[in-house]
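Close look at the chain arrangement
Chain by chain, the residues run as shown.
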Amino acid sequence: MQEVLKIEGGHKLKGSVRISGSKNATVALIPASILAKTGSVSIYGVPHISDVKYLSQLLESLNVKVDQHAEDHLEIDPSQMVNIALDHPAVTKLRASYYFMGALLGRYKQVNMKMPGGCYLGPRPIDLHLKGFEALGASVEYSQGSYKIYAKELVGAKIYLDISSVGATINIMMAAVYAKGRTTIENAAKEPEIIDVATLLNKMGAQIRGAGTNIITIDGVETLAGCVHEIIPDRIEAGTFIIIAAAAAEEMVIENVIPHHLESLLSKLEEMGVPMKVDIDKVTVKSTEHLKDVDIQTLPYPGFATDLQQPLTPLLTRANGSSSVKETIYVERFKHCLELQRMGANISMAPGLATIHGPSRLYGDTVTATDLRCGASLVVAGLMAEGVTEIRDVYHIDRGYENLDGKLRELGANIWREQVE
Ligand code: EPU
């Protein structure tokens, strides 16, 4: 038996929805908190998603105390931590377990862990993370699916990233906080989640400057202590709901949003003709049948987020004309298109490029969430489609969206879970 999500399409949504804390910030903030040598780190706005559950299991396997004080408040106390090998099965459940590499290396100058897992989006190497650790003086050994990374001492260095990788930028920041002297990361990624992690580390006592620009400097310190931190809102969840509203809402208010983080999406939706009103911390969106075709190219922040091209694709089936999605971050991130084709979408595919010929109607079918954002894409499609859509492998959605179906039900969607063979 497996749990599936079922959606009866065609219901108009109405009301407001509150966006949760950022998943991709949270999954870095939790490992970052083990860098505290004294005190505990209290994090508010923690989303209720399975990635957090797996990271908590990893913390507990390191003998770190994790207390859930309220639904969204985690207190992490690493004072009794032991640096044992991370070979817990949770390591392979999510990509972000790789943040324990930087955090444990930074704190103990040694880490042993299994190869991290996560959504399959095509090849996802971590060579830049490892090169960064080596530049700080670490040796990296890989055998039988496990990494051993160790150093006598870590010394600040100038590190140029060939690609502005989010994961490598954060991992190097964490490895460098206790390194001797100054580390400079050039061509650093500029995503808002990086600023959030640097903010947490600075509250703990780190000396990190330039997060959010492409040059970050980290001056090594002797000790970091606990602190209190509130996570930024999830720009990808916000973007997903804005797209859902554009697809199916009479009117929806998306609250707890930093619109500045969503500029590339908002300007594309405006170009398509989606009626929207942007306020300081909320966006009001209505759907319309008359949409213009657009061309999207995914790029590092502040460009169009790769995580939002999948949720946007079903909306493009309604546009009058041919829209294109060029994926430059993960060129194989198009599995959702095969599922959308089953539902009636007219999409032609070429390497790294999908062309969506609209307008075309979508019809409910049985489809599979092959990865997290593919799952979100199928939810958008299911809400737009005629008839009932059944989404399998729903655990991918639960990894990164807090209570997606519950939030949609509140807005009037007919969406439910069922156990099927
Ligand atoms: N890359 C390398 N070598 C590396 C690291 C990255 O070649 O050592 C390449 C990747 O293959 C990719 C590009 O660089 O082509 C960018 O990858 P990046 O490292 O920035 O991605 P990531 O840190 O692994 C994070 C998010 C992803 C999001 C990407 C891009 C987390 C946990 N994951 O991944 O989120 O798509 O940045 O913005 O923060 C998602 O939320 O669904 C998701 C997959």
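Going by the structure above, here's the rest.
All figures in this text were calculated on a predicted structure; none of them were measured in a lab. (Residues numbered from 1 in each chain as written. Predicted model: local features only at pLDDT ≥ 70, side-chain atom pairs only at ≥ 80, totals over all residues. Heavy atoms only, no water.)

**A few points about the site of the ligand**
- Every one of the 23 residues lining the ligand counts as a neighbour, but Leu128, Ser165, Asp307, Ile329 and Arg373 are closest to it.
- One of the side-chain N or O atoms of serine 165 is found 2.6 Å from an oxygen atom in the ligand.
- One nitrogen or oxygen atom from the main chain of glycine 167 is found 2.8 Å from an oxygen atom belonging to the ligand.
- Protein burial of the ligand: of its 820 Å² of free accessible surface, 90% is covered by the chains.
- In a pocket analysis with a 2 Å cut-off to the grid points, the ligand is assigned to the largest pocket.
- Contributing elements (two or more residues each) for the shell around the ligand: helix H1 (23-32), helix H4 (127-135), helix H5 (166-176), helix H9 (306-316) and helix H11 (372-384).
- Across the shell around the ligand, the residue classes break down as 12 nonpolar, five polar and six charged. (Near = heavy atom within 4 Å. Polar contact = N/O pair within 3.5 Å; in protein donor to acceptor, adjacent residues only side chain to side chain. Areas by Shrake-Rupley, 256 points an atom, 1.4 Å probe, with all protein chains shown as cover. 1 Å grid on protein atoms, 1.4 Å probe; cavity = no way out; pocket = protein on both sides within 12 Å on 5 of 7 lines; lining within 4 Å. Sits in = over half its atoms within 2 Å of the grid points. Helix = DSSP H or I, 4+ residues; strand = E, 2+ residues; numbered from the N terminus. Nonpolar A, V, L, I, M, F, W, Y, C, P; charged D, E, K, R; others polar.)

**Focus: the side chain of aspartate 307**
- Within the secondary structure layout, aspartate 307 lies in helix H9.
- Separated by 2.8 Å, the side chains of aspartate 307 and arginine 333 make a polar contact.

**Quick notes on the layout of surface pockets**
- Space inside the largest pocket adds up to approximately 1,000 Å³.
- Considering the residues around the largest pocket, the lining is formed by 40 residues, among which Arg124, Val166, Gly167, Ile329 and Tyr330 are closest to the centre.
- Where the lining of the largest pocket is concerned, the elements lending two or more residues are H1, H4, H5, helix H7 (235-248), H9 and H11.
- Looking at the lining of the largest pocket residue by residue, the class counts come to 19 nonpolar, eight polar and 13 charged.
- What the second largest pocket holds in volume is close to 340 Å³.
- Together, 18 residues line the second largest pocket, and Ile19, Ser20, Gly21, Asp72 and Glu402 are the ones closest to its centre.
- Grouping the amino acids of the lining of the second largest pocket by side-chain chemistry returns six nonpolar, six polar and six charged. (Points joined across faces, edges and corners; volume = space filled by probe spheres on them.)

**Comments concerning the pairing of strand S10 (residues 182-186)**
- Note: strand S9 (residues 158-160) against S10, three bridges, orientation parallel. Note on S10: the bridge partner recorded for tyrosine 160 is glutamate 186.
- In this view, the connection linking S9 to its parallel neighbour S10 by way of H5 has right-handed handedness.
- Where S10 lies against strand S12 (residues 215-219), five bridges are found, and the strand directions are antiparallel. Note on S12: the bridge partner recorded for isoleucine 185 is isoleucine 216. (Pairing = 2+ DSSP bridges. Right-handed = clockwise from strand over helix to strand, strands pointing away.)

**Structural notes on the nonpolar core**
- Phe100, Met173 and Leu201 are the most contacted members of the largest nonpolar core, which has 79 residues in total.
- A per-element tally of this core places H5 first, with seven residues.
- Leaving out residues up to four positions away in the same chain, phenylalanine 100 has contacts with Pro31, Ile34, Leu55, Leu58, Leu59, Leu62, Leu86, Leu105, Val111 and Met113.
- Of all hydrophobic cores here, the second largest spans 68 residues; its members include Leu316, Ile347, Ala381 and Tyr401. (Core = buried A, V, L, I, M, F, W, Y, C linked by side-chain atoms within 4.5 Å. Buried < 20%, exposed > 50% of the residue type's maximum accessible area, 1.4 Å probe, protein only. Contact = heavy atoms within 4.5 Å.)

**Focus: the packing of aromatic side chains**
- Counting across every chain of the model gives two aromatic pairs.
- Measuring from centroid to centroid gives 4.6 Å for tyrosine 142 and tyrosine 147, while their planes differ by 45 degrees, and the two rings are tilted.
- Stacked on the ring of tyrosine 178, the Lys or Arg lysine 37 has its end atom at 4.1 Å from the ring centre.
- Directly above the aromatic system of tyrosine 150 lies the positively charged group of lysine 148, at a separation of 4.9 Å from the ring centroid. (Phe/Tyr/Trp six-rings, centres within 6.5 Å; stacked < 30°, edge-to-face > 60°. Lys NZ or Arg CZ within 6 Å of the ring centre and 35° of its normal.)

**Details of the packing of H4 against H5**
- Running from N to C, H4 and H5 point in directions that differ by 25 degrees, and their axes come no closer than 8 Å. Judged by the inter-axis angle, H4 sits roughly parallel to H5. Pair H4 / H5 crosses with right-handed handedness. Contacts from Leu128, His129, Gly132 and Phe133 in H4 reach Gly167, Ala168, Asn171, Ile172 and Ala175 in H5.
- Across the contact of H4 with H5, the residue classes tally to five nonpolar, four polar and no charged. (Axes fitted to C-alpha atoms, helices over the stretch in contact; angles between N-to-C directions. Parallel < 35°, antiparallel > 145°, perpendicular 65-115°, else oblique. Left-handed = near helix turned anticlockwise from the far one by under 90°.)

**Topic: unusual backbone geometry**
- Of note, the bond from tyrosine 301 into proline 302 is cis; its omega dihedral lies within 30 degrees of zero at 10 degrees.
- By the element assignment, proline 302 lies in the loop between strand S18 (295-297) and H9.
- In this structure, proline 359 follows glycine 358 across a cis peptide bond, with omega equal to -5 degrees.
- Tracing the sequence through the fold places proline 359 in the loop between strand S21 (353-358) and strand S22 (366-368).
- Positive phi, close to 50 degrees, is recorded for asparagine 403, a residue that is not glycine.
- Structurally, asparagine 403 can be placed in the loop between helix H12 (395-400) and helix H13 (404-410).

Take it as geometry only, folks, not as evidence of what the structure does.
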